[in-house]
Amino acid sequence: MLEIQELPSQRDVPTGRARLIFSVTVLEGSVLTGAGLRPGRITFDQFIESVEVGAGETAPPYLIPGFIDTHVHGGAGADTMDGPEGVRRLARFHLRHGTTTLLPTSVTAPWEKIVQALEGVAQVREEADPELPEIPGAHLEGPFISSSRLGAQPPYPQAPVPEKLDALLDLDVVRLVTLAPEVPGALRAARTLAAAGWRIGIGHTVATFEQVQALCTAVREVSGTVGFTHLFNAMGGMMGREPGVVGAALADADSYAELILDTHHVHPGSFLAALAAKAGRLHLITDAIRACGSSDVESELGGLRVTVTNGVAQYEDGTLAGSLLTLDQALRNAVGVGVDLERAARLLSEVPATYLGLDDRGRLEEGLRADLIVLDGALKVREVYVAGRKLVEAQA
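Residues numbered from 1 in each chain as written. Predicted model: local features only at pLDDT ≥ 70, side-chain atom pairs only at ≥ 80, totals over all residues. Heavy atoms only, no water.

Description of the pattern of salt bridges
Next up, step 1: As enumerated under the stated definition, the model contains 21 salt bridges in all.
Next up, step 2: Notably, a salt bridge pairs arginine 290 with aspartate 82, separated by 2.8 Å at the nearest N-O pair. Residue arginine 290 is located in the loop between strand S17 (282–285) and strand S18 (298–301), and its partner aspartate 82 is located in the loop between strand S10 (78–79) and helix H1 (84–95); the two are separated by 208 residues in the primary sequence.
Next up, step 3: Assessed through its relative accessible area of 14%, arginine 290 is described here as buried.
Next up, step 4: Assessed through its relative accessible area of 41%, aspartate 82 is described here as partly exposed.
Next up, step 5: Between glutamate 134 and arginine 369 there is a salt bridge, with its nearest N and O atoms 3.5 Å apart. Placement of glutamate 134 in the loop between helix H2 (111–127) and strand S12 (138–141) and of arginine 369 in the loop between helix H10 (350–356) and strand S21 (372–375) is noted, with a sequence separation of 235 residues between them.
Next up, step 6: Classification of glutamate 134 by relative accessible area gives partly exposed; the value is 29%.
Next up, step 7: One salt-bridge network, in which partners are shared between bridges, spans Glu134, Asp360, Arg361, Arg369 and Asp371. (Salt bridge = Lys/Arg side-chain N within 4 Å of Asp/Glu carboxyl O. Helix = DSSP H or I, 4+ residues; strand = E, 2+ residues; numbered from the N terminus. Buried < 20%, exposed > 50% of the residue type's maximum accessible area, 1.4 Å probe, protein only.)

Right, dumping it as structure tokens:
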């Protein structure tokens, strides 16, 4: 049984707009520790003060780290491209499903619209609203992608010319960029952006195995970090004599990879193969669009019409148009195909935190941010805490 105590705390925590007085909270249940799920107790205010574990069988409630989504376009009728209010609305929606940190994600669009969207993300980030998930930055998905592998991206690919890179760096909001290795100027762009601390996600590409290797080398020459954007999707397949992008991703032990586990984008067998090949480097994302969480049967992505049928979002030609996934459902899907809860939870917290260099979260350890979720026996979200503040509580 979950027991909660709130005790007086002297910790006075500054935020972007106000100073908040935190109380101490104590939760009991099965805690996800570095050694796995253990019966125990976690004590925290804004930060985790202690994690105490005992012996015995694990049972609900489960206390796990908050989810981190590195790739989310929208939800609840809102989209990153809508500007600040769209970002706030999608963030509130995904918070209810356990997401405590997220990167609002753009789509390929005319340049001025991309800049406006990124400025909107920057505004919300700077406000540091304590009622929202934390937004450390944006994911720029395009426009530096291949016109031959747009996937669900609108047809506005552009080259990563120096003046555009300079403009993006001046905005100081992008944390992750999706880049096709074969586009003109990709290697120079990868070095420049990786040197500035951006994560370089390879995706929406028809690159060869060798072109991917060359880009990975370029990024690592400046001590950068490489990932793959929604592994298997918008990058072709893997053949014995043509390993392609997927083969490069699975063969590269040091790179990370996102995966959309909604049962539509990726077959469970492909997910399990990727999990085996990229142990500790694979993480789950939503790639959710504005139709996620909505009852609408028609929506849009990047100005293109999207139809929702039987839980699948598609363009008129049948192309998958993002997903309707939430990260709590991704967790349940992983467990449903045989991954144990301990490992599944790390795919949504510890791995993406490490990928983004967020070393203050993603695990339930003393001194880290108190971003955590309470799950019931059906792995449904009951409570969500962001930096120690309870922002979601399920109704009885």
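Observations regarding the sheet that holds strand S19 (residues 304–309)
Next up, step 1: Read across the sheet, 3 strands follow the order S18-S19-S20 without closing on themselves; strand pairing throughout is antiparallel. Edge strands, defined here as strands with exactly one partner in the open sheet, are S18 and strand S20 (312–314). Taken over all neighbouring pairs, the strand axes of this sheet differ in orientation by 35° on average, direction set aside.
Next up, step 2: Here S19 pairs with S20 via 3 bridges, running antiparallel. Residue pairing across strands places threonine 309 opposite valine 312, the latter belonging to S20. (Pairing = 2+ DSSP bridges. Axes fitted to C-alpha atoms, helices over the stretch in contact; angles between N-to-C directions.)

Topic: the side chain of arginine 361
Next up, step 1: Along the polypeptide, arginine 361 turns up in the loop between H10 and S21.
Next up, step 2: What makes arginine 361 buried here is its relative accessible area of 5%.
Next up, step 3: Polar contacts involving the side chain of arginine 361 include one to the side chain of threonine 101, which spans 3.0 Å.
Next up, step 4: Separated by 2.8 Å, the side chains of arginine 361 and aspartate 360 make a polar contact.
Next up, step 5: Once residues lying within four places of it in the same chain are set aside, the contact partners of arginine 361 are Ile68, Thr101, Glu134, Ala353, Leu368, Arg369 and Asp371. (Polar contact = N/O pair within 3.5 Å; in protein donor to acceptor, adjacent residues only side chain to side chain. Contact = heavy atoms within 4.5 Å.)

Considering the pairing of S17
Next up, step 1: Side chains Leu282 and Leu284 of S17 all project onto a buried face; the interleaved residues His283 and Ile285 project onto the opposite face, where all are buried too.
Next up, step 2: Strand direction decides the pairing type here: strand S16 (residues 256–260) and S17, joined by 4 bridges, are parallel. Note on S17: the bridge partner recorded for leucine 259 is leucine 284.

Overview of the sheet that holds strand S13 (residues 174–179)
Next up, step 1: In space, the 6 strands of this open sheet follow the order S12-S13-S14-S15-S16-S17, with parallel pairing throughout. Sheet topology places S12 and S17 at the edges, where each strand pairs with a single neighbour. In this sheet, adjacent strand axes meet at a mean angle of 25° when their direction is disregarded.

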